[in-house]
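Summary of the model geometry
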Amino acid sequence: MTGLGDMGKASLHGALSKIRVLDLSRVLAGPWAAQTLGDLGAEIIKVERPGAGDDTRTWGPPFLKGRDGEPTRDAAYYLCTNRNKKSIAVDLASLQGQALVRELATHCDVLIENFKVGSLKQYGLDYDALKQVNPGLVYCSITGFGQTGPYAHRAGYDFLIQGMGGLMSITGRPDGEQGEGPMKVGVALTDILTGLYASTSILAALQAREVTGEGQHIDLALLDVGVACLANQSMNYLYSGVAPRRMGNAHPNTVPYQDFPTADGYMILAIGNDGQFARFCETAGHDELAGDPRFSTNMGRVQNRSILVEALRNITIERSTREWVALLEGAGVPCGPINTIADVFDDPQVQARGMQIQMNHAVADDIKLVGSPIRMSGTPVQYRNAPPLLGEHTREVLADVLKMPEETMNELFEQGVLG
């Protein structure tokens, strides 16, 4: 087992350079957590099924193209959440594969898994079994509904959780409008948020281990995360007794805070206080709105939402989006365009922050990836390894971590235990 001690040299390799993670997860939530830890310097050993690997390797098109211009077996989806990892291909259905992973766990600080509840117990890879051989192991389980409760054994996917957790009930056009109905968010947001909660929980457990000397089991459920992240909407319900409804792009607690039509498209106004509203009215040439007692305070604007929004729509349509943004930014009024993703990567601020990166891959040069948003002055994020090929590091990891002889590995490859 490695440890957090002797962190004096961490700045050379990343904040978590002394930490080794065994990643048994697949798809998005678990891999997102592992990638976050890997970006911060941790060594990530990703365990995959021989011949198949992580499910998302096949979730395309589009697929990564090799140096010959032909598509590889790895989808862009897989690339989004698997950098800074080493891939080993091990058959967990075999006794030898289970023994290998169990031995790897004795050399790791963290294990992340997203198997169905109880599935790893049959392999002797559950927390109770592994803490006997590695008491300091931080073991993070990610499931749809958690390890307890009446739904514990159900499979859970992000789309399902967005519906069951209430998010879709507040996302989409309101009843009575064209296009009405519940709508999921455009990315698997609950998966990503769960991955972030997982990485935070893991770091907290590692810090606790410094005090107690012991690891612990982390039980994370997508449904729990979905409910927790309802934020002000859930509190609005708990304090009013009225369930929030879909409002399109409008905000339940502040007005105006939504999209508005312009002469050539749409823009977003995100006004958060009375001063900003007054500045908007002045800049737009409609001081009378700021002076109207129905609109001068946020409470009044919320109560008179429909009247104000209609009036503002008649104003915003008079100029182009670019003109409004230039005017309002100069006045300190939060606003902006509704960019396509192509626009996002052309944005000078996004480019200045280095949010698109390039890495050399085993089969392609300078593949494009989205960078980490974390900026740390002393131990910055490092991009060490491109998303690996399936089993790319099997021999390297088993030799380095387990000191396994080459002839033993060859036998395991011949038997199909390794891939």
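Residues numbered from 1 in each chain as written. Predicted model: local features only at pLDDT ≥ 70, side-chain atom pairs only at ≥ 80, totals over all residues. Heavy atoms only, no water.

Here the amide bond leading from Gly 60 into Pro 61 is cis, since omega sits at 10°, within 30 degrees of zero. With respect to the helices and strands, the residue Pro 61 is situated in the loop between strand 2 (43-48) and strand 3 (63-65). Residue Pro 256 is reached from Val 255 by a cis peptide bond, and omega for that bond is -5°. Topologically, Pro 256 is positioned in the loop between helix 9 (232-240) and strand 9 (257-262). Residues other than glycine seldom take positive phi values, yet Val 27 does so here, at roughly 70°. Among the structural elements, Val 27 can be located in the loop between strand 1 (20-23) and helix 2 (29-39). Residue classification places Val 27 among the buried residues on the basis of a relative accessible area of 17%. Of note, the phi angle at Asp 366 is positive, near 55°, even though the residue is not glycine. Here Asp 366 shows up in the loop between strand 12 (356-359) and strand 13 (367-370). (Helix = DSSP H or I, 4+ residues; strand = E, 2+ residues; numbered from the N terminus. Buried < 20%, exposed > 50% of the residue type's maximum accessible area, 1.4 Å probe, protein only.)

What follows concerns the environment of His 286. Topologically, His 286 is positioned in the loop between helix 10 (274-284) and helix 11 (287-291). In the structure, His 286 is positioned 155 residues away from Lys 131 in sequence and 67 Å away in space, judged by C-alpha atoms. When near neighbours in sequence (up to four residues on either side) are disregarded, His 286 contacts Cys 281 and Ile 315. Here Glu 288 takes part through its side chain, which lies 2.8 Å from a polar atom of the side chain of His 286. (Contact = heavy atoms within 4.5 Å. Polar contact = N/O pair within 3.5 Å; in protein donor to acceptor, adjacent residues only side chain to side chain.)

What follows is about the state of the cysteines. With the rule as written, the count across this model stands at zero disulfides. Not engaged in a disulfide, the cysteine Cys 140 finds its nearest cysteine sulfur in Cys 108; these two sulfurs lie 14 Å apart. Free of any disulfide, Cys 229 has its nearest cysteine sulfur in Cys 140, 15 Å distant. (Disulfide = S-S within 2.5 Å.)

With that settled, consider a nonpolar patch on the surface. A cluster of nonpolar side chains, Tyr 151, Tyr 157, Leu 160 and Met 164, forms an exposed patch at the surface whose accessible area comes to about 400 Å². Secondary-structure assignment places Met 164 in helix 6 (residues 158-164). Among the residues examined, Met 164 registers a relative accessible area of 36% and is labelled partly exposed. (Patch = residues over 30% accessible without salt bridge, like charges linked within 9 Å, V, L, I, M, F, W, Y side chains within 5 Å. Areas by Shrake-Rupley, 256 points an atom, 1.4 Å probe, with all protein chains shown as cover. Salt bridge = Lys/Arg side-chain N within 4 Å of Asp/Glu carboxyl O.)

It is worth spelling out the pairing of strand 2 at this point. Buried residues dominate strand 2, accounting for five of its six residues. In this sheet, strand 2 lies alongside strand 1 in parallel orientation, the contact comprising four bridges. If you follow Val 21 over to strand 2, its bridge partner there is Ile 44. Pairing of strand 2 with strand 5 (residues 86-89) involves four bridges; the strand directions are parallel. Residue pairing in the sheet places Ile 45 in a bridge with Lys 86 of strand 5. (Pairing = 2+ DSSP bridges.)

Remember, this is a structural readout, not a statement about activity or role.
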